[in-house]
Amino acid sequence: MGYYMKGDEAVAAAKNSSDGITFEEMYMKNRNLMMFTAMKILNNFADAEDCVSEAFFRAAKIFPKISRMECPKLTSLLVIIVRNAALDKYRANKRVVAVEAPDEETGTFCTDSYSFDSVQSAIAQLKDEYRDVLTLRFVYGYSVKEITEILNISADNAYKRIQRAKTELGKILENGGGTYE
């Protein structure tokens, strides 16, 4: 919404932030971890560098909002962004064929009460793409539009991932927190 800018405007705003961390500080503190994350997925230095650059460009678009985040939250957000950029690159290189799971009966999301630890453990068992959308939506409070911008996916894809993540999380919790297959 008001947090998104195009091209040079985003970079200029990122350089001139006075309310929180500067873009340069964010870059210096997180570039090595982001490079490590991209390399882990791609095993190619040049592609990993491209993904880190793409991730920082995506972060620059939302920099006014994220510049005031606490360091651990900002770092985890940047890791999510670079992981998704690396996966996009990986798919673009035709190293993996993206296969979507067939639609299942969604049913209703389980509304029983669970301990915080059991929910946290269940979320940790989700696929990265499901864990990422749940984290962005319900921990960081991003709108679906913002999630589409961060993850570089369509709105329909974002809604579907959130729906599938909730369904999968419900199944894991119903199964007693054990791995659901």
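Residues numbered from 1 in each chain as written. Predicted model: local features only at pLDDT ≥ 70, side-chain atom pairs only at ≥ 80, totals over all residues. Heavy atoms only, no water.

Caption draft 1: Local environment of the nonpolar core. Judged by nonpolar contacts, the single largest core of 45 residues is most densely connected at M26, I66, L77, L136, Y142, I147 and L151. Among the secondary structure elements, those contributing two or more residues to this core are α2 (23-42), α3 (45-61), α4 (63-66), α5 (71-92), α7 (128-139), α8 (144-151) and α9 (155-174). Among the elements that take part in this core, α5 stands out by supplying 8 residues, more than any other. For Y142, the contacting residues outside a window of four places in its chain are I62, K65, I66, M69, L77, L136, R137, I147 and I150. (Core = buried A, V, L, I, M, F, W, Y, C linked by side-chain atoms within 4.5 Å. Buried < 20%, exposed > 50% of the residue type's maximum accessible area, 1.4 Å probe, protein only. Helix = DSSP H or I, 4+ residues; strand = E, 2+ residues; numbered from the N terminus. Contact = heavy atoms within 4.5 Å.)

Caption draft 2: Main features of the environment of Y27. Considering the arrangement of structural elements, one finds Y27 in helix α2. The class for Y27 is partly exposed, based on a relative accessible area of 32%. It is 9.8 Å that separates the C-alpha atoms of Y27 and L78, two residues lying 51 residues apart in sequence.

Caption draft 3: Highlighting the environment of N84. Tracing the sequence through the fold places N84 in helix α5. Residues N84 and I153, spaced 69 residues apart in sequence, show a C-alpha to C-alpha distance of 9.6 Å.

Caption draft 4: Structural view of the side chain of D132. Looking at the element boundaries, D132 is found in helix α7. Ignoring any residue separated from it by four or fewer positions in sequence, one finds D132 in contact with I80, R83 and N84.

Caption draft 5: Focus on the pattern of salt bridges. One pass over the structure, following the stated rule, counts 10 salt bridges. The closest approach of N and O atoms between E149 and K61, which form a salt bridge, is 3.1 Å. Placement of the pair is E149 in helix α8 and K61 in helix α3, with a sequence separation of 88 residues. K61 gets classed as buried once you look at its relative accessible area, which sits at 18%. (Salt bridge = Lys/Arg side-chain N within 4 Å of Asp/Glu carboxyl O.)

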